[in-house]
Amino acid sequence: MANVAFFLLAVLLYSASTVAFVACWIGGSQRSERLARLTLAAAVLLHGLAIALRWLEAGHAPLSNGFEAFSLYAWGLSVAYLLIPSLRRHAILGVFVTPLALLSILIASVLPKGIRPLVPVLQSHWLPVHVSISFAAYTMFSLAFIAAVTYLLQLRSLREPGRWPWTRRLPSLEALEELQRRMAVVGLVLMTGALISGSLWAEKAWGIVWPWEPQQVASLVTWLIYALYFFARHSAGWQDRRGAWLLIAGFFSVLVTFVGADLLMPASRHSFLFRS
C-alpha cells in the first residue's frame, strides 16, 4: 500500500530529525537546528501524505485502530511543534518533542497496518469529530508535560550552577511556566469538547450518555487533574515546581486514557486500539 511506504519514509525522517535536535542541543549549532527543523517538516509532510492516502484507500477517516492512533498522535505532536508560535521561539524544545513523536510512530510501525471495514459503532460522523478533538487535547497536554519537565530541569540547573551545562540553552523559567500554562488551558478546553462529543456519540450508539466505560472514566480523571492544576495555580500559587509536577501527573493520566484503558479492559465497548 502506498500509504505504508510513505509512512515508513516518514519514520526515517523522524529518526533523523531526533538525532539532529540532540546534536543541536549538545553542540549548539544553528546549522544543526535548521537541519533538524527542515527534516521534521519533511517528515510531517510525508506523514500527512501517508494519512491522506490511507483515508482515500479506506474510504473513511483513518482513526479506528492502534496503528492509526499512534500515527496520528506522532503527526499531531510534530505539527503543533512546528506551527505554534511560542514553540517556534524555543526551537530547542524539539529535543524533547521529537523523541516522543518518534516513540509513538515506532510503536505504530510494529502494529498491524491492514485496512479493515469499520465496526458498526464507528460508522458515524462522530468518529472524526470526537477522535480529532481528543487527540488535539492529548497533543496539548503532551506539550504541557514537555514544558513542565524542561521547567524542572532548568530549575535544577539554576540551583546547582555549573553542574548541568547541557541545560544552558533551555528557555527561562518564566517562559516555560507560561508555556505550560498555555498548553494546559488549550488542552483542558479540548478535553471538555472530547467529553461532550464522546457523551453525545455514546447516547447515539448505545442509548446512554455516560455508560461508565473505562476510557470515559480515565478521561474524566484526566480532566479533573488539569482542572485542579488551574485551581492550584491561581488560588494556591502553584506557579512553581508543584504545578509542574501536577502537569507531569496529568500526562500519565493521559497515557492511561490513551492506551491504558484498552490494555486493562480489552473487551470493553470503547476498546478499539488493539483489536485484531
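Refer to the structure printed above.
Description of the structure in this document. Fair warning: this is a prediction, and the values are worked out from it, not measured in the lab.

1. Structural notes on the packing of aromatic side chains
Thinking step 1. Enumeration according to the criterion identifies 13 aromatic pairs in this entry.
Thinking step 2. With 3.7 Å between their ring centres and 10° between their planes, Phe 141 and Tyr 226 make a pair best called stacked. Of this pair, Phe 141 sits in helix α6 (residues 126-159) while Tyr 226 sits in helix α8 (residues 214-235), placing them 85 residues apart in sequence. Considered together, Phe 141 and Tyr 226 belong to a single accessibility category, that of buried residues.
Thinking step 3. Taking 4.9 Å as the distance between ring centres and 70° as the angle between the ring planes, the aromatic pair formed by Tyr 229 and Phe 230 counts as edge-to-face. Taken as a pair, Tyr 229 and Phe 230 share a single burial class, namely buried.
Thinking step 4. Each member of the aromatic cluster is reached from another via a ring pair, and the members are Phe 70, Tyr 73, Phe 135, Tyr 138 and Phe 258.

2. Digging into the packing of helix α3 (residues 66-83) against helix α5 (residues 94-109)
Thinking step 1. Close contact between α3 and α5 brings their axes to 7 Å; oriented N to C, the two are set at 160°. On the basis of the axis angle, α3 is roughly antiparallel to α5. Considering only the axes of α3 and α5, their crossing is left-handed. Packed against α3, whose contacting residues are Phe 67, Phe 70, Ser 71, Tyr 73, Ala 74, Leu 77, Ser 78 and Tyr 81, the element α5 presents Gly 94, Val 97, Leu 100, Ala 101, Ser 104, Ile 105, Ile 107 and Ala 108 at the interface.
Thinking step 2. Looking at side-chain class alone, the contact of α3 with α5 contains twelve nonpolar, four polar and no charged residues.

3. Quick look at the pattern of salt bridges
Thinking step 1. Under the counting rule described, the total for this entry stands at six salt bridges.
Thinking step 2. A salt bridge links Arg 54 to Glu 68; the shortest N-O distance between them is 2.7 Å. Remark: Glu 68 occurs in helix α3 and Arg 54 occurs in helix α2 (residues 30-58); sequence separation between them is 14 residues.
Thinking step 3. Its relative accessible area of 2% is what places Arg 54 among the buried residues.
Thinking step 4. Glu 68 sits in the buried class, given a relative accessible area of 4%.
Thinking step 5. Across the salt bridge formed by Arg 182 and Glu 178, the nearest N and O atoms sit 2.9 Å from each other. Of the two residues, Arg 182 and Glu 178 both sit in helix α7 (residues 173-206), four residues apart, roughly one turn of that helix.
Thinking step 6. Its relative accessible area of 37% is what places Arg 182 among the partly exposed residues.
Thinking step 7. Take Glu 178: its relative accessible area is 27%, and that puts it in the partly exposed class.
Thinking step 8. One salt-bridge network, held together by shared partners, links Glu 178, Arg 181 and Arg 182.

4. Description of α7
Thinking step 1. Taking 1.5 Å as the rise per residue, α7 with 34 residues should run 50 Å; its terminal C-alpha atoms sit 47 Å apart, in good agreement.
Thinking step 2. Just beyond α7, the residue with positive phi is Gly 207, at close to 80°.

5. A short note on the side chain of Ser 134
Thinking step 1. Relative to the elements of secondary structure, Ser 134 occurs in helix α6.
Thinking step 2. Using a relative accessible area of 8% as the deciding quantity, one classes Ser 134 as buried.
Thinking step 3. There is a polar contact of 2.8 Å between the side chain of Ser 134 and the backbone oxygen of His 130.

6. With respect to the environment of Glu 177
Thinking step 1. On the secondary structure map, Glu 177 appears in helix α7.
Thinking step 2. Given a relative accessible area of 8%, Glu 177 falls into the buried group.
Thinking step 3. On a C-alpha basis, the gap between Glu 177 and Tyr 151 in space is 7.0 Å, while along the polypeptide they are 26 residues apart.
Thinking step 4. With residues near it in sequence (within four places) discarded, Glu 177 still touches Tyr 151, Tyr 229, Arg 233 and Gln 239.

The rules we used
Residues numbered from 1 in each chain as written. Predicted model: local features only at pLDDT ≥ 70, side-chain atom pairs only at ≥ 80, totals over all residues. Heavy atoms only, no water. Phe/Tyr/Trp six-rings, centres within 6.5 Å; stacked < 30°, edge-to-face > 60°. Helix = DSSP H or I, 4+ residues; strand = E, 2+ residues; numbered from the N terminus. Buried < 20%, exposed > 50% of the residue type's maximum accessible area, 1.4 Å probe, protein only. Axes fitted to C-alpha atoms, helices over the stretch in contact; angles between N-to-C directions. Parallel < 35°, antiparallel > 145°, perpendicular 65-115°, else oblique. Left-handed = near helix turned anticlockwise from the far one by under 90°. Contact = heavy atoms within 4.5 Å. Nonpolar A, V, L, I, M, F, W, Y, C, P; charged D, E, K, R; others polar. Salt bridge = Lys/Arg side-chain N within 4 Å of Asp/Glu carboxyl O. Expected span 1.5 Å × (residues − 1). Polar contact = N/O pair within 3.5 Å; in protein donor to acceptor, adjacent residues only side chain to side chain.

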